[in-house]
Structures are given as structure tokens and as C-alpha cells.
Amino acid sequence: MTAPYRIAVIPGDGIGQEVVPEAVKALNAIGDACGHAFEFQEMLAGWVAIDAYGTPIRDEDLEVCKRSHAILFGANGDPRRDEISVPVRPERALLRIRKELQLFANLRPVRVTPELAPVSPLKQDLVEGVDLVVVRELTGGIYYGEPSRRWQDEDGERRAVDTLLYSETEIRRIISYACELARTRGSHVASVDKANVLSSSRLWREIAMEVAAEYPDVTVEHVLVDAMAMLLIREPKRFDVIVTENMFGDILTDEAAQLTGSIGLLPSASLGAESNEAGHRLGFYEPIHGSAPDIAGKGIANPTAAILSAALLLRNSLGLEKEAAIVESAVARALRERKATADIVRDGPALTTTQMGDVIAAHIKEAAAA
Ligand code: IPM
Ligand code: MN
């Protein structure tokens, strides 16, 4: 057995508290079966941290995250407490982790398998076979640009400003990352911008063209963000890797997730440039479904996205490709056998969150022993 991998675990708010333990269960199952040990360090972030400590995430907990091999995250937020004027917002935790750990590449894969195609709100033949990944720039742009503030003019008029700022270095590293990723997939990149209006987008496109020239084996096309919003619905199968700036990526990934019709199944990874001690990128892994307060506490949340996030963690931050594939196949088997929560099994007896986690853990052990 090798030295334990240190994983920071942040269940956060709402169903994060229910699905993250199932992802931990899956990691322990694969660890036991394949001879890897994990040391989990659990901490609070989001509303639970604001309530306990008065801050969305404590500095000492951020330090623990920085020293970890990877971070497994649940969700933050609670719309029931979402007044626009709250002084400390829970989202701060997420924004600080991204920035301070320099997790600049956010990967949101969207794959529509034959089992999922009927669930999609779009026509089956339009979405079946979709296999794309959105690479969203995560530490720059309008989320972090200064100035960002509001004020009141002498005449009483309220004003506010946010700044969409990018440097050449930030653009180059994310476009390069997307091109490298495309080489391992369909060798096609769609770079999304608003170069017909924004200066920052004109710089984005200029750098994207320069980087593209370094990857003659990858086809890079440039698509305006409004056109992309349309094409994602009209011809989603045309895309392989889509790379874009922070806010466009935020918006387009909610749209792209809907191609599957079930946001509850999708994992995501946020990666930095730095290698961790395992020789891989430090990464932050989260299901994209959010805290879902309407179903929180009922034990019915689908743990799939959290467990698939753990698989991405094994692959990207620990370099354990075989183990990641075993976890993914165990999840696929549970879904295929319809041993799943009520969002999937609408007509027969559905499992609880914990029961589905147990089934997947058992499938993992079986597959690893085979
Ligand atoms: C996301 C979320 C976050 C974002 C919020 C919660 C800050 O919407 O991860 O997509 O806007 O990045
Ligand atoms: Mn979002």
C-alpha cells in the first residue's frame, strides 16, 4: 500500500451533505480493491460555514485544500436565503478556492448515451451521440476584474460596474489546455467569444489563432457566443471541445447540461497548472447539480454526479486511469440495471441515496476483482 492520498472533502450545503459521503464510499471501495489509501479531511464551506464561523470558508481550511492532492466538493448555496443584499455570500467560498488554488480550467463533459437520450428535452436523434466537453476559463474575466463596485452619484442615481479583463497569458494557457485535450479526443476545438463587440474577445480570438497555429493537427474554429447558444441546441453533435471565457462558460454549460435532460448526472473538474505530489494536477471536483434545497434531507438525491466526480478525481489528480474507469463502469451498470434513485426510476421501486451508493460500491468491488 502506498502513502495515503490526501483528499479535502467539502460536502457544503443541501444535498451536498448526502451525495458526497457516497462519493467517499466509492473511493474507499476502489482504494480497498486496488491497494490505495485515502486520508479524508472534511471541512465546512458555504452557508454551513457562515453559520458555524461567520465566514464562507476559513483561511486555515483553504490552506488544507492547497496541501491536498485533490478536493471533493458537494454544493454551496440556498435560494431560500438568497437575498441579493446579504453581506457575506456563500458563493465566495467557491470563488476563493478557484482563485487561490489557481484552478483555471473548468471541465464540464456532456455525453448523451442511448439510455439518456429519451430523457432529453430535445429530439432524440438530435442529441443521441453528443460527446462534448466545455473548457471554461475559471480564474479571470468579469468574475474577478477590477473595478467591481457600486456607488451613488450626487444626484442619487445608483450605478455599478464590473470589469471583463483578460491577459494574454491567461488566454494562452486555457486555449493551449483545450488544444491538448482535443488531441486526446476528436481534435476539434470551438473557441467562443464576442469578438464583434468586445475588446477582451478580440484579444481572445487573436491569441486563439496564434495558439491554433501551434496545433496543426487540431481544427480550431471561432464561434460568436450568441451563435453558440443557438448551435448547441441546433447541432450539438458538431462539437468536441468548446473553450470559452468565464462568464460565457457559466451560461453555456447550464445550456449544454440540458442536452442530457438530467443535470443530476453530470460531474465537473477544475484543474490548475501546478502538479501535486502525485505528479498530477491539483484539482477540485464537484457535481454540477448544486444544493437542490427542495429535495435536501430526504435521502432521495442521486449520488451519480458526485461519484462520477470522484472518478474524474482519480483520473486527473491521482493519475489512476484504470481505477477511474472501474468507478465509471460501476455507475453505468447501476443505471443500466435501474438500481437508482427516483429521478431515474420513475415507475418501479427506487433506491435511496445511500442504497444507490451501496450498489455502486459493490459493483466497484466486483469489477476490480474481475
Ligand atoms: C457554477 C456556479 C457558480 C459560478 C456560482 C455558484 C458562483 O454557477 O459553478 O457554474 O457562477 O461559477
Ligand atoms: Mn453556473
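Worth saying up front: this structure is predicted, and the values here are computed from it rather than measured. (Residues numbered from 1 in each chain as written. Chains lettered and ligands numbered in written order. Predicted model: local features only at pLDDT ≥ 70, side-chain atom pairs only at ≥ 80, totals over all residues. Heavy atoms only, no water.)

**Side note on the side chain of Glu18**
Definition in use: Secondary structure counts use DSSP, requiring at least four H or I residues in a row for a helix and at least two E residues in a row for a strand, with both numbered from the N terminus. Each residue is assigned to one of three classes by its accessible area relative to the maximum for its type, calculated with a 1.4 Å probe on protein chains only: buried under 20%, partly exposed between the two thresholds, exposed over 50%. The charge count treats Lys and Arg as positive and Asp and Glu as negative. His and the chain ends do not count. When a carboxyl oxygen of Asp or Glu lies within 4 Å of a side-chain nitrogen of Lys or Arg, that pair is called a salt bridge. Each polar contact in these results corresponds to two N or O atoms within 3.5 Å; when the atoms are within protein, one needs to be able to donate a hydrogen and the other to accept it, and residues that are neighboring in sequence are counted only if both atoms are side-chain atoms. Residues count as neighbours in contact if any of their non-hydrogen atoms are within 4.5 Å of one another.
By secondary structure assignment, the location of Glu18 is in helix H1 (residues 16–34). At 9.7 Å, Lys298 is the nearest oppositely charged side chain to Glu18, a buried residue that forms no salt bridge. Polar side-chain contacts of Glu18 include one of 3.1 Å to the backbone nitrogen of Gly299. Here Glu18 is in contact with Ala296, Gly297, Lys298, Gly299, Ile300 and Thr353, once residues within four sequence places are set aside.

**Some words on the environment of Ile15**
When you line up the elements, Ile15 lands in the loop between strand S1 (5–12) and H1. Taking the C-alpha atoms as reference, Ile15 lies 9.5 Å from Asn76; in sequence the two are 61 residues apart. Sequence-distant contacts of Ile15, that is, excluding residues within four places in its chain, are made with His289, Gly290, Ser291, Ala292, Ile295, Ala296 and Ala301.

**A short note on the packing of aromatic side chains**
The cut-off we apply is this: When the centres of two rings from Phe, Tyr and Trp lie within 6.5 Å, Trp using its six-membered ring, the rings pair. Their planes under 30 degrees apart give stacked, over 60 give edge-to-face, and anything left gives tilted.
Applying the stated criterion across every chain yields a total of four aromatic pairs. Measuring from ring centre to ring centre gives 4.9 Å for Phe73 and Phe284, while their planes differ by 40 degrees; the resulting arrangement is tilted. Taken together, the positions of Phe73 in strand S3 (residues 70–75) and Phe284 in strand S12 (residues 281–287) put the pair 211 residues apart, joining distant regions of the chain. Look at Phe73 and you get buried, because its relative accessible area is 1%. The rings of Tyr5, Phe38 and Phe40 are connected pair by pair, giving a single aromatic cluster.

**Regarding the confidence of the model for the chain**
Here is the rule we go by: Across the chain, each position has a pLDDT score giving the predictor's confidence in that residue, from 0 to 100.
In the predicted model, the chain carries a mean pLDDT of 94, and 100% of its residues have values of at least 70. No element of the chain has a lower mean pLDDT than strand S11 (residues 267–275), at 91, and none a higher one than strand S8 (residues 188–193), at 99.

**Examining the environment of Ala29**
Residue placement: Ala29 occurs in helix H1. Taking relative accessible area as the criterion, Ala29 reaches 2% and is therefore assigned buried. The spacing of Ala29 and Thr169 is 140 residues in sequence and 41 Å in space, taken between C-alpha atoms. The residues contacting Ala29, other than those within four sequence positions of it, are Ala361, Ile364 and Lys365.

**Things to note about the packing of helix H3 (residues 59–66) against helix H4 (residues 91–100)**
Stated precisely, the cut-off is as follows: Axis definition: a line fitted to C-alpha atoms, over the contacting stretch in the case of helices. Angles run 0 to 180 degrees between N-to-C directions. Should an angle fall under 35 degrees it is taken as roughly parallel, and over 145 as roughly antiparallel, whereas 65 to 115 is taken as roughly perpendicular and any remaining angle as oblique. In a left-handed crossing the near helix is turned counterclockwise from the far helix by less than a right angle, and in a right-handed crossing that turn is clockwise. Only Asp, Glu, Lys and Arg are considered charged in this grouping, and only Ala, Val, Leu, Ile, Met, Phe, Trp, Tyr, Cys and Pro are considered nonpolar; every other residue, Gly among them, is considered polar.
Here H3 crosses H4 at 45 degrees, and the two axes come no closer than 11 Å. Relative to H4, H3 is oriented oblique. Crossing of H3 over H4 shows right-handed handedness. Residues Asp59, Leu62 and Lys66 of H3 pack against Arg96, Ile97 and Glu100 of H4. A per-class count over the contact of H3 with H4 returns two nonpolar, no polar and four charged.

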